[in-house]
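# Overview (structure and organization)
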Amino acid sequence: MFCYQCDQTTRSETGDGCATTKGVCGKDSTTSDLQDLLAYAIKGIAQYAKRARDLGKTDKKADEFILYGLFTTLTNVNFNANRFVELIHEAVEIRDRVKALYETAAKEQGQTIEELKGPASFIPASRQDDLLMQAQWGAILRDRDAVGDDIVGLRAMMLYGLKGTAAYAYHALVLGYEDDEVYAGIEKTLDFLSCDPTDANDLLAGNMEVGTVNLKVMEMLDAANTGNFGVQEPAQARITPVKGKAILVSGHDLKDLQELLEQTKDKGINIYTHGEMLPAHAYPKLRAYPHLVGNYGGAWQNQNEEFAAFPGSILMTSNCLIEPTGAYKQRIFTAGPVGWQGVRHLENHDFAPLIQIASAMPGFKEDTPEKSVTVGFGRHAVLGVADKVVDAVKSGAIKHFFLIGGCDGAAPGRNYYTELAEKTPDDSVILTLGCGKYRFHEQDFGNIGGIPRLLDIGQCNDTYSAIQIASTLADAFECEVNELPLSFMVSWFEQKAVAILLTLLSLGIRGIHLGPSLPAFITPSVLAILVDKFDLKGNGDPAEDLAAALKQAA
């Protein structure tokens, strides 16, 4: 195996990347290689889907499979090797169906049928051992000796960003929202990658296109969330337990949460959110369920300890799964793209087994003194008081905005964001999102003229809200976003964060601080280009970075 798609990747003097029998995330080499082969097979679907689309023909199930299939290959999503054997064969069946669709359309329209190579002609072996022999075709480093690390890294960044984009699009899809432009953009990118491009300028441009598609996807997901659950509103989310039986929901998928809330009405079971599910408490239609009682625990990397201590059953939706320990393996369930060998998987939102386990467990024996955090400062809430924010800036009451957020993780260096938030001056506002907020969101930062200094925008995909807030402020001051007293201090971890970074870069945002370490697939030469073009920065000392940001904006 070789994998360096996330911040967990092994770093060494001889090269960065997990290249052993088991990655730092817990993914074994078999699963890793099969994931690479699945991504390769999905490129084959896209090769024909793009050409069929160019002729006015589409296959909706194929479009949906591309989203789902790429999602399963994200970091900390699915670790079940057997599942990837199934998905690889399913991908090739779908590809052949789309191939027939394309060829029929070409004949009907008098077009010459292209003879496609590479992923388009991939024939999978039937047995897992033989599939592993074929995995070299989809390996990230397969032609590194011929093209060099820079080209391999640019291809990887493009694929990883696309994985994040597909994941966000899948979240929107399960809520009933999709867009042909998004499918077309994803297929175009996969088709481009299927040809093993070697031109650095073309690859840089392609990465920016991924960012543009991801912006469309985040806009679509924003519409899906607000359309299904209402516009986020500032609200208090309890973070201490309530007496009673309990179910914990982690991951990102709000649809799974809603379905579970429906199925547990009047059953005497309290529902708690965990990790990136915290923003659920800001949505009126979810908050309306009285048994959605609060949030338990913190960010994803603490789940082994927190899940072991939780006295109920656990549902893991979407990404951020860690290998379950024996302390809770028999009471954790997966849903959607998530999977782990030996962990029960629930299909079609049938949560009966999860509920049954919760009913049999003791739950919390007593109430814990109430403590809460404030959530719900999405773009609608912030822009609803935009005039007050603008006036505060004009009067000098607010001198700077810091976006401090993104992914959290266990690697050293992430206390940088805690120190950064704590050192921000009293005349500044902190916008935060993603699970990185758990580093400091319980602290009281006070307010400026009634405007809280800490504004929790929501999940990582709610970067869309941050972009809209910045754009509105820029319009109000008749300037560009880069001219605002606004600093982006972004913590990344996996491929959703890569997609967001590409979106910010595609919008021309400059001066982004990215950490705690830079992605291993960004080589020194590529970094030099990003520094020159976008002034991308790595993390330094929190106090020094803070001082530099304030000086630059002065």
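Residues numbered from 1 in each chain as written. Predicted model: local features only at pLDDT ≥ 70, side-chain atom pairs only at ≥ 80, totals over all residues. Heavy atoms only, no water.

## Considerations on the overall build of the chain
For clarity, the threshold we go by: Note on conventions: DSSP H or I runs of at least 4 residues are helices, E runs of at least 2 residues are strands, and numbering of each starts at the N terminus. Radius of gyration: C-alpha atoms only; globule rule: 2.2 Å multiplied by the number of residues to the exponent 0.38. Using a 1.4 Å probe on the protein chains alone, a residue whose accessible area is under 20% of its type maximum counts as buried, one over 50% counts as exposed, and one in between counts as partly exposed. Any two residues having at least one pair of non-hydrogen atoms within 4.5 Å are treated as being in contact. In this tally Asp and Glu are treated as negative and Lys and Arg as positive; neither His nor the chain ends contributes. Lysine's charge is taken at NZ, arginine's at CZ, aspartate's at CG and glutamate's at CD.
When its secondary structure is counted, the chain shows 19 helices and 16 strands. Since a compact globule built from 554 residues should have a radius of gyration of about 24 Å, the 23 Å found for the chain is in line with a globular shape. Dimensions of the chain along its principal axes, counting C-alpha atoms only, are 65 × 60 × 50 Å. Burial statistics for the chain: of 554 residues in total, 61% are counted as buried. A separation of at least 24 residues holds for 75% of the contacts in the chain among residues at least 6 apart in sequence. Side-chain charges of the chain comprise 50 positive and 72 negative groups, with the mean position of each set lying 3 Å from the other.

## Side note on the pairing of strand β5 (residues 313-316)
To keep things clear, this is the line we draw: Between any two strands, at least two bridges found by DSSP are needed for them to pair.
Of the two faces of β5, the one carrying Ser313 and Leu315 and the one carrying Ile314 and Met316 are both buried. Looking at chain direction, strand β2 (residues 245-250) and β5 are connected through four bridges and run parallel. Looking at β5, one finds that leucine 248 is bridged to isoleucine 314. As paired elements, β5 and strand β6 (residues 332-335) share three bridges and run parallel to each other. Bridged to isoleucine 314 within β6 is isoleucine 332.

## Looking at the pattern of salt bridges
Any two side chains of opposite charge can pair, on the condition that their charged atoms come close. Using the following cut-off: Every case where a carboxyl oxygen of Asp or Glu lies within 4 Å of a side-chain nitrogen of Lys or Arg is listed as a salt bridge.
Under the counting rule described, the total for this entry stands at 34 salt bridges. Here glutamate 114 and arginine 51 are joined by a salt bridge, their closest N and O atoms 3.1 Å apart. One end of the pair, glutamate 114, is in the loop between α3 (81-108) and α4 (128-134); the other, arginine 51, is in helix α1 (residues 29-54), with 63 residues separating them in the sequence. We classify arginine 51 as buried; its relative accessible area is 14%. Three or more residues joined by partner-sharing salt bridges are found here, namely Asp7, Arg11, Asp16 and Arg414.

## Observations concerning the domain arrangement of the chain
Applicable threshold: For the domains described, the bounds stem from an automatic or database domain assignment. In short, buried area is how much 1.4 Å probe accessible area vanishes from two parts on joining, totalled over both. Pairs of N or O atoms within 3.5 Å make up the polar contacts considered here, provided that, within protein, one atom can donate a hydrogen while the other can accept it, and that residues adjacent in sequence are counted only when both atoms are side-chain atoms. Here the nonpolar group is Ala, Val, Leu, Ile, Met, Phe, Trp, Tyr, Cys and Pro; Asp, Glu, Lys and Arg are the charged ones; every other residue, Gly included, is treated as polar.
If you check the domain split of the chain, you get domain 1 (29-227) and domain 2 (235-360). Computed from C-alpha atoms alone, the centre-to-centre distance between domain 1 and domain 2 is 31 Å. Each side of the interface is counted separately: domain 1 has 18 residues, and domain 2 has 18 residues. Interface area for domain 1 against domain 2, summed over the two sides, is near 1400 Å², with a carbon-plus-sulfur share of 56%. By the criterion of area lost to domain 2, the three top residues of domain 1 are Asn76, Val77 and Phe79, representing 34% of everything that side buries. Applying the counting criterion to the domain 1 and domain 2 interface returns zero salt bridges. On inspection of domain 1 and its partner domain 2, the count reaches five residue pairs in polar contact (both at pLDDT 80 or more). Mapped by element, the contributors of at least two residues to the side of domain 1 that touches domain 2 are α2 (60-72), α6 (149-174) and α8 (200-229). Each residue belonging to the side of domain 1 that touches domain 2 can be placed in one class, and the counts come to eight nonpolar, ten polar and no charged.

## Digging into the state of the cysteines
Convention followed: In this description, a disulfide is simply a cysteine sulfur pair whose atoms lie within 2.5 Å.
Under the counting rule described, the total for this entry stands at zero disulfides. Of all cysteine sulfurs, the one in cysteine 3 lies closest to cysteine 18, which takes part in no disulfide; the gap is 6.3 Å. Cysteine 18 gets classed as buried once you look at its relative accessible area, which sits at 7%. With no disulfide of its own, cysteine 407 has cysteine 435 as its nearest cysteine by sulfur position, at a separation of 5.8 Å.

## Observations regarding the sheet that holds strand β14 (residues 486-491)
Threshold: A fitted line through C-alpha atoms represents every axis, and for helices the fit uses only the stretch in contact; the resulting angles, taken between N-to-C directions, go from 0 to 180 degrees.
Read from one edge to the other, the open sheet built from six strands follows the order β13-β10-β9-β14-β15-β16, with strand pairing classed as parallel. Either end of the sheet is taken by a strand with one partner, and the two such strands are β13 (454-458) and β16 (537-538). In this structure, strand β9 (residues 400-406) lies alongside strand β10 (residues 428-433), joined through four bridges in parallel fashion. Residue pairing in the sheet places histidine 400 in a bridge with serine 428 of β10. Strands β9, β10, β13 and β14 of the sheet are contacted by helix α16 (residues 463-476), whose axis makes an angle of about 125 degrees with β13.

## Regarding the layout of surface pockets
Let me state the cut-off plainly: Method remark: on a 1 Å grid restricted to protein atoms, a set of points is classed as a cavity if a 1.4 Å probe fits but cannot get out and as a pocket if it is open with protein on both sides within 12 Å along at least five of seven lines; lining residues have an atom within 4 Å of a point. Grid points are joined across faces, edges and corners, and a volume is the space filled by probe spheres set on the points.
Size it by volume and the largest pocket reaches roughly 710 Å³. Around the largest pocket, the lining comprises 32 residues; the ones closest to its centre are Tyr68, Tyr170, Gly336, Pro337 and Glu347. Sorting the residues of the lining of the largest pocket by element identifies α2, α3, α6, α9 (254-263), β6 and β7 (344-346) as the ones contributing at least two each. In terms of residue count, the dominant contributor to the lining of the largest pocket is α3 (five residues). Of the residues assigned to the lining of the largest pocket, the class counts are 14 nonpolar, nine polar and nine charged.

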